[in-house]
Structures are given as C-alpha cells and as structure tokens.
Amino acid sequence: MASEMSLHNGSERVSTGSGVLRRLLLGGLILSGLTLLTAIVAASVGPFTVPFTHTATTLLDLIGIGESTAKPTEQAIIQSIRLPRIFLAFIVGAALGISGGIMQGLFRNSMADPGIIGVSSGGATGAVVAIASGAATVSTFFLPVFAFIGSAAAMAVVFLIASVGGRFSMATLLLGGIAVSSFLGAITTATIILTDDLNVQRQIIFWIAGGFDTARWESVQIAAPIIVVGALITIFVARDLNLLLVSEDEARSLGVRVALVRNTLLISASLITGAAVAFSGIIAFVGLVVPHVVRLIAGADHRVLLPLSALGGGLFLLVADTAARIVLSPAELRVGVLTAMIGAPFFIFLLLRSKARLL
Amino acid sequence: MMGVRGVVVLMVALVAMFVVACGGDDEVATSVPVEPTATVQVAAEPEATAVPATEVPADVEPVSTVAVVPTEKPVATVAPVATKAPVATVEPVEAFDESRFSDVEGIVDPTNFGWPRSIETSEGVITLDAPPTRIHSLSLGHSEILAALVDFDRLTAVYSFFVDEEQSNIAKLSASATMIGFDPEEVVALEPEVIVASRFTNADTVALMKGAGIPVARTSLENSALGNVPNILLMGYMIGAEAEAIALADELEARMQFISDVLASDESPRVLSVSKWTSAFAAGSGTTEGGIIEQAGGINAAADSGIEGHQQVSIESIAAVNPDVIIVPQPLDGANAFIEELTSSPALAQVPAVKNGEIYYVPPRYHTTLSHWNVRGIERLASLLFPSHFSGVTFEDFEHWSEK
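What you see is a predicted model; the values in this text were computed from it and never measured.

## With respect to the overall build of chain B
Then, number 1: Counting its regular elements, chain B contains 15 helices and eleven strands.
Then, number 2: A burial count over chain B gives 59% of its 404 residues as buried.

In structure tokens form, the structure reads like this:
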C-alpha cells in the first residue's frame, strides 16, 4: 500500500496553531472571494442573454437589498435554473475535494480519489438499477436515492471485507475497493450492453457522464445537509488524521482513538461522496486534482488541507460547470468530460513526476 | 483504484460511441446495438394544432376525410392543393425504366440487368451471380428499405431493437423473424449471400464478414428523404428488385413534391426537436430530425442557433433558442414527462412554443430512422405546422410496401 509518490504528512511541517489559522484564514478568504466572484459570473452568463444589471439586482433582491429589474423570464432563469446549479456544483465539488484529501491522507497515496473504495461505482450501479427498473421514471428523486444507497452499500461491503477475521486492514480495504469497483463496473457495463432498451442505455450513459443540467433547489436541499455535516465531521478530526499519518502507534500514545478516527473519516468521506455522486453522476478527477493543488500551495496539514480542498473543489467544479454551459452555447458540454480533460493531463503529470523521482 | 478509473474511462468511451451513433442513425456497430438517434414512437395528429400529442393514442392514424387506398401509380406532379397524398401501387411491375439506373452511383455497368451483376461501394466491388435470397442487413434503415423491396423472409435475421414498435417501422415483420445477437459469428452462421452495411457500421465488423468470404455492400444512408433515392435504387439493383425500387423511389419523390408544392409560399416556423435522456438533447444541423423539420417547411431552430449534430441543452438553452414549435421524438413515457417539464418551467413561459401550446410528441420511428419512412415524419410534421394546408388530406404509411 506504500505509495510510489511521496505524500507530505502532517508531521513534516510542524505548524503552530497560529500558523494554521493564518493559512486557513488567508486561503479561505481568497477561495471564498473567488467563489463569490465566480458565482456572480456564473449567474450572469448562459445561453439566454440577461443584462448584468438585471442579474445583479435580482441577486441583491434575493438577499433583501433593493428590487429586481429583471423581466419575469430572466428572474426565472436566474432563480430556478442558474442558482440551484451553481449551489449544487459548488457543494458537489466541495464534497469531492474534501473526500479526495481524506482518502489520499488515509491511504498515504496521492493517487487515491473519493471513489477509491467503490463508492462511485456503487452509486453508478444504484443509478443503473433505478433506470433499468423504471423507478427513475416514477419520481425524479428515486434515481439519486438509489445511487446513494448503492454508494453506501458498496462502502459497507468493502468495510466488511476489510474487517473479516476481526482485524481491520487498510490494505485489504484498498484491494477490496478495487475488486468491488471492478465488479460493480462490470454490472453497469453489462446492463448497458445487454439491455434491449436503447432508452435505458442512453439514460445510464448520460447519467454516468456526470452533470448538473438537471439541478433543482430540491437537489441542493437534500445533498447539502449530508455533505456539510460530513465535511464538518471530517474537519473536526483533521488534527487526529495528522497524527495518524505519523504512525498509528504514535497516535495511540497521544490519545487518539485510531479505529474510531479512521472509520469516522472513511465513512464520512464515503457518504459525502455518495451524496455528491447521487446528484451529479460520476465526475472524474476533482477529488484527485484539487487536494494536490491545495497541498502544493497551503501545505499538507489536514487542518488546512481539508477545508481548503472543500473550497477549492467547489470553486473548481463551479468554474468547470460554468465553462461547460457557455463554451458550446446554446449547447452544453458535460462537466464530467471537462473535468476529465483538465484532470487527466494533471494525473499524467503526477505519474511522470513520480517516475522521474524513482529513476 | 484502477478499477474505478477504468469504469470512468469506459463510460466516457461509451458516451463517445453514443454521440457518434447519435450523429448518424440506425446501426448495428460492433457488439453494441446502437440505434441511430432517437428511439420513440407515436405521432401527433395532423389535425392537432395545440394539443400535446400525449393525448393521441399511439396506434391511431390521422383522422381522414378521404380514404386513401394504395392503388394508384406514383404521380409525377401533384397539384398544390390536394385531398389525397400520392401513393404508389405495390403491384409488381414486369418492365421498368432502365434509364433510372443510369446515374446511380455504385452500379458498375448500368446497361447490365442480367446476372451476374456487380456493384461498387466503399467496400469495393462485389459480384452477385443471381438475385440473393439470403440478405443480411446490419442496420435498421437498410432493413426497412429492403422490407419494402422484397419479401421479408429473404432477410436472414433481425436484431432486438427491430421489434421495438417505438423505434422500428418493421416491428411487426421482425417479430416473427429470426433474431440474433451482436456476435459476428451469428451473422456468418446464417450464411448470407450478401451483407448490407451502412456508413456507421464498425470497420472491424465489416472486416470480419469479408474475412469470412461474405460480400459486403456498404451504402450510405442520408438524412434527407430524397437523398436516399439513389440508395434505394442501388439496393434494388443489387438484389434484383429494380421495378420495386423504382416504384418506391417514385412514390417517395411524388410525396415529397406534394409537400413541397403545398408549402411553396409559407413562412417557416422555427421548430426545435429535443429529447430528454436524463439530459436534454437538441437536434441541430446534419441530423435526421433537423432534415425532417426543414423538409416539412420549418426552420430547424437548433441549427439556426448554431447547434451542430445532437448536442446537450438545458432549459435555459431552449429559452435562448426561443422556438415557435417544439417536437419531442422520444418514447411516449419519457416524452410525456419531458413535455410536462417544459410546459411547467417558468423560464419557458414566454417562449412562443410553450406560450401557444405548440409542443408535440412525434413518433420517433419516423424521425430517427434513415429510410423512406422519414417521409412519414415529414408529412405529419408538415400537417402539424400548417394544418390549414392539409385539412382533409391524409397520408398513407408505407405499410403497403412491406405487406407483400
């Protein structure tokens, strides 16, 4: 399980409390500011032309300042189409960013991503079941519910595999995740190939490709609490994760309840990933790329890394989704394709850099 | 880790495959049954003007005031105002006008109507010693054309999606035919004398068939109804059904001329063809649906807005395109839900199509295949767009061609 690539752990940079706070505040302010700016831009642009003043007054109106000058159609587009999409893209990106940071830390592997223990594949299989069974046509919420259940079930199975014999093994968890992912991926692929219904094929393929074009306020209302609570829990135990990365024995000697912390992080990360996947499909590379960038800039202390990965992930996906909306306007590009196009070259860069170090 | 990424990469590849398939149309590619573009069925009533087609039973033909019986010869010129759409006779014709084949690309010797005869397609020259009695088609569009030209039992087998009444115009015929999967071995085992492939057929599949010693003719299927006339004539020549091919081509041309004459002086409404498969996709330039819109006298609003091929769109995109009419060529269940979503969206409230109730479900089997059946989509859409012009006019399906 040893990573080919070095991963700075929390002990390499011994940070004082004030140092951590300073980096956290500075990074948080910058990323929050950029996110706010991007959100305003995202609310202002799209295939339907809305004058910026109309967008601005509508946004201000929403927070109780002044009155919107936008026409009803413009208000509807901003409030019921663009804003829920902006919020959903941000929270999904935040979920993937923070999950990626946790998984990379726990597995001491910079190649780890949020779906490493089968959560994404489980979500895809759940979605496939919802679509192929027709449940997805009964209610628009059955698909995300099935996807979330799939994610949670996959996580549970992998945990069981890793706990067989009464001893929890991270190596078995990783390998079990790979095996379960492959198995579930095969089910998904087999369903696509074997189904006689081309409509089912299309729905599965497009759902898996990831996107926010169907985002609604209801989606945000369901996904946000799960992701926010999960993220807060992981940030709360971030200090213990730092100690855990030094060594489990040392962490134990410092009073860390190793199993509890590790399982809390794994379950929280998996569930928030599941919630993200359920409402967005599989969006590649956000959870892989963002923690790396944050680590390069702000260091490897998880007290800083995790919150900033959340903000960075949200910002990255918001930018990507905005670009996906306007680059081919009035047509759209699937955001999953766009993040993969950005993320894949970065992934190759990591591989090459890793190889160069070994030579 | 690789498993997860492998799944993602595989899915992206599948999406790419599907997008390619969407750009074309019906097709049996490699081992995945990728159909042309859409998938649906049922039709809007020609008489309907503002009623969502969801209220129209799938099997109900347009209400007619004039019975049309397929007993007429194709009519070369049709008066602008008519009460009966031109329909050809299906009676076998002994003699035929050989000159119709003189300009058909692919016929090696246009003066040779005996056997053996040769045709040349992108897969090279093939020579047939006698009219083939065992023909295998790898695409739905070709199968629909072949079904109009020869007895259906001369086709060796069908694929599962051929029996889907929402997508296929030969569903009933296919129901009792031999059905095979997508393993090339199954095709070889049928011992066909000739295989017909389209431009969308996977190259490896074609290579395997040719490697097994089976002649393969790969002919193109076009997005425009008239564009398929040379293809119909070439296939008719290849299988020895020249008279039937001429009659079908004549009927197709006459019906298109009829539409053209009736619509000669009208302003064109902007029509958006959009379907929803988890996400919504609009049919832009170069698509079958777009071709049907234009041939029915409309302007393809998606193409007019710069969309090429089939592209994902959002509700906001539809508002930006601002169509006068929206047609939804997808299966009825999905179409109903999508139409409901469109009509209830506040963002679309001022879009003319929504405001005036001009959103229609249209039968996907007419809009997403690539064969003479596209003419039915054109006729029905023209009737929807210009109801006053087609009042009292009814159109025949092409069933009479395949009920021989």
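## Looking at the confidence of the model for chain A
Keep in mind that low pLDDT regions are not for reading the predicted coordinates in detail.
Then, number 1: When the pLDDT values of chain A are averaged, the result is 87; 93% of them are 70 or greater.
Then, number 2: When the criterion is pLDDT under 50, residues 1-14 of chain A qualifies, and its contacts beyond four places in sequence or with other chains add up to 30 contacts.

## A word on the packing of aromatic side chains
Then, number 1: For the structure shown, the criterion picks out 18 aromatic pairs over all chains.
Then, number 2: Plain terms: the ring middles of Phe159(A) and Phe168(A) are 5.6 Å apart, the flat faces sit at 45 degrees to each other, and that makes the pair tilted.
Then, number 3: A relative accessible area of 21% means that Phe168(A) is categorised as partly exposed.
Then, number 4: When the centroid spacing of 5.4 Å and the interplanar angle of 65 degrees are considered together, the rings of Phe96(B) and Phe113(B) count as edge-to-face. Within this pair, whereas Phe96(B) is found in the loop between α1 (2-23) and β1 (117-121), its partner Phe113(B) is found in the loop between α1 and β1, the two being separated by 17 residues in sequence.
Then, number 5: Looking at Phe96(B), the relative accessible area reads 26%, which means it is partly exposed.
Then, number 6: With relative accessibility at 17%, the residue Phe113(B) sits in the buried group.
Then, number 7: A connected cluster of aromatic rings, assembled from ring pairs, spans Phe96(B), Phe101(B), Phe113(B) and Tyr237(B).
Then, number 8: The ring of Trp115(B) is capped by Arg117(B), whose NZ or CZ atom sits 3.9 Å from the centre of that ring.

## Considering the pairing of strand β10 (residues 325-328) of chain B
Residues and elements named next belong to chain B.
Then, number 1: Where burial is concerned, the two faces of β10 agree: the one with Val325 and Ile327 and the one with Ile326 and Val328 are both buried.
Then, number 2: With three bridges joining them, strand β6 (residues 270-277) and β10 adopt parallel strand pairing. Note on β10: the bridge partner recorded for serine 273 is isoleucine 327.
Then, number 3: Note that β10 and strand β11 (residues 359-361) share three bridges and pair parallel. Within β11, the position partnered with isoleucine 326 by the bridge is isoleucine 359.

## A word on the pattern of salt bridges
Residue and element names in this part refer to chain A.
Then, number 1: Here the structure, examined in full by the defined rule, presents 21 salt bridges over all chains.
Then, number 2: Two residues, arginine 252 and glutamate 248, come together in a salt bridge whose shortest N-O distance is 3.7 Å. Highlighted residues: arginine 252 and glutamate 248, both in helix α11 (residues 248-253), separated by four residues, approximately one helical turn.
Then, number 3: The exposure class assigned to arginine 252 is partly exposed, which follows from its relative accessible area of 45%.
Then, number 4: Aspartate 301 is paired through a salt bridge with arginine 303; the nearest N and O atoms lie 2.8 Å apart.

## Quick word on helix α2 (residues 52-62) of chain A
Then, number 1: Within α2(A) the residues assigned to the buried category are His54(A), Thr55(A), Thr57(A) and Thr58(A).
Then, number 2: Two residues or fewer past α2(A), Gly64(A) is found with a positive phi of approximately 85 degrees.

## With respect to the environment of Ser268(A)
Residues and elements named next belong to chain A.
Then, number 1: Within the secondary structure, serine 268 is located in helix α12 (residues 258-280).
Then, number 2: With a relative accessible area of 8%, serine 268 lands in the buried category.
Then, number 3: Between the C-alpha atoms of serine 268 and threonine 234, which are 34 residues apart in sequence, the distance is 6.7 Å.
Then, number 4: Filtering out sequence-adjacent residues up to four positions away, serine 268 remains in contact with Gly230, Ile233 and Thr234.
Then, number 5: Looking at serine 268, its side chain comes within polar contact range of the main-chain oxygen of threonine 264, at 2.7 Å.

## Brief notes about the environment of Ala215(A)
All names here are of chain A.
Then, number 1: The residue alanine 215 is located in the loop between α8 (198-208) and α9 (217-236) in this model.
Then, number 2: On the accessibility criterion, alanine 215 (10% relative accessible area) is buried.
Then, number 3: Remark: the alpha-carbon pair of alanine 215 and arginine 82, spanning 133 residues in sequence, is separated by 8.7 Å.
Then, number 4: When sequence neighbours within four positions are dropped, the list of residues in contact with alanine 215 reads Pro84, Arg85 and Leu88.

## Quick notes on the packing of helix α7 (residues 170-194) of chain A against α8(A)
Residue and element names in this part refer to chain A.
Then, number 1: Close contact between α7 and α8 brings their axes to 9 Å; oriented N to C, the two are set at 145 degrees. Our pair here, α7 against α8, has a crossing hand that is left-handed. Contacts between α7 and α8 involve Thr188, Thr191, Ile192 and Ile193 from the former and Gln201, Ile204, Ile205 and Ile208 from the latter.
Then, number 2: Taken together, the residues of the contact of α7 with α8 sort by class into five nonpolar, three polar and no charged.

## Overview of α9(A)
Then, number 1: Here α9(A) is 20 residues long and its end C-alpha atoms lie 28 Å apart, about the 28 Å a rise of 1.5 Å per residue gives.
Then, number 2: The sharpest bend along α9(A) comes to roughly 30 degrees, located at Ala223(A), with the proline Pro225(A) sitting one to four residues further on.

## Brief notes about the packing of helix α3 (residues 72-106) of chain A against helix α13 (residues 286-298) of chain A
Residues and elements named next belong to chain A.
Then, number 1: Between α3 and α13, the shortest axis-to-axis distance is 7 Å and the interhelical angle comes to 70 degrees. Looking at the two axes, α3 sits roughly perpendicular to α13. On the side of α3, the interface is formed by Gly93, Leu96, Gly97, Gly100, Gly101 and Gln104, while α13 contributes Val286, Gly287, Leu288, Pro291, His292 and Arg295.
Then, number 2: Here the contact of α3 with α13 is built from residues that sort into four nonpolar, seven polar and one charged.

## Quick look at the environment of Thr133(B)
Residues and elements named next belong to chain B.
Then, number 1: Locating threonine 133 in the fold gives a position in the loop between β2 (124-128) and β3 (135-137).
Then, number 2: Sequence separation between threonine 133 and valine 194 is 61 residues; the distance between their C-alpha atoms is 9.0 Å.
Then, number 3: Excluding its chain neighbours within four sequence positions, the residues that come into contact with threonine 133 are Arg154 and Glu193.
Then, number 4: At a separation of 2.7 Å, a polar atom in the side chain of threonine 133 contacts the side chain of glutamate 193.

## Description of the sheet that holds strand β4 (residues 194-197) of chain B
All names here are of chain B.
Then, number 1: Sheet architecture is open: three strands sit in the order β3-β4-β5, paired in parallel fashion. Each edge of the open sheet carries a strand with a single partner, namely β3 and β5 (216-218). Between one strand axis and the next, the sheet turns by 20 degrees as a mean value, whatever way the strands run.
Then, number 2: Bridge count for β4 against β5 is three bridges, and the pairing is parallel. If you follow alanine 197 over to β5, its bridge partner there is arginine 218.
Then, number 3: Of the strands in this sheet, β4 and β5 are in contact with helix α5 (residues 203-211), which crosses β5 at around 150 degrees.

## Looking at unusual backbone geometry
Then, number 1: That bond from Ser329(A) to Pro330(A) is cis: its omega, 10 degrees, falls within 30 degrees of zero.
Then, number 2: Tracing the backbone shows Pro330(A) in the loop between α14 (302-326) and α15 (335-358).
Then, number 3: With an omega of 0 degrees, the peptide bond between Trp115(B) and Pro116(B) qualifies as cis.
Then, number 4: Following the sequence through the fold, Pro116(B) ends up in the loop between α1 and β1.
Then, number 5: For Arg108(A), which is not glycine, the phi torsion reads 50 degrees and is therefore positive.

Reading guide: rules and limits
- Residues numbered from 1 in each chain as written.
- Chains lettered and ligands numbered in written order.
- Predicted model: local features only at pLDDT ≥ 70, side-chain atom pairs only at ≥ 80, totals over all residues.
- Heavy atoms only, no water.
- Helix = DSSP H or I, 4+ residues; strand = E, 2+ residues; numbered from the N terminus.
- Buried < 20%, exposed > 50% of the residue type's maximum accessible area, 1.4 Å probe, protein only.
- pLDDT = per-residue confidence, 0-100.
- Contact = heavy atoms within 4.5 Å.
- Phe/Tyr/Trp six-rings, centres within 6.5 Å; stacked < 30°, edge-to-face > 60°.
- Lys NZ or Arg CZ within 6 Å of the ring centre and 35° of its normal.
- Pairing = 2+ DSSP bridges.
- Salt bridge = Lys/Arg side-chain N within 4 Å of Asp/Glu carboxyl O.
- Polar contact = N/O pair within 3.5 Å; in protein donor to acceptor, adjacent residues only side chain to side chain.
- Axes fitted to C-alpha atoms, helices over the stretch in contact; angles between N-to-C directions.
- Left-handed = near helix turned anticlockwise from the far one by under 90°.
- Nonpolar A, V, L, I, M, F, W, Y, C, P; charged D, E, K, R; others polar.
- Expected span 1.5 Å × (residues − 1).
- Bend = angle between axes of the 7 residues up to and from the residue.
- Parallel < 35°, antiparallel > 145°, perpendicular 65-115°, else oblique.

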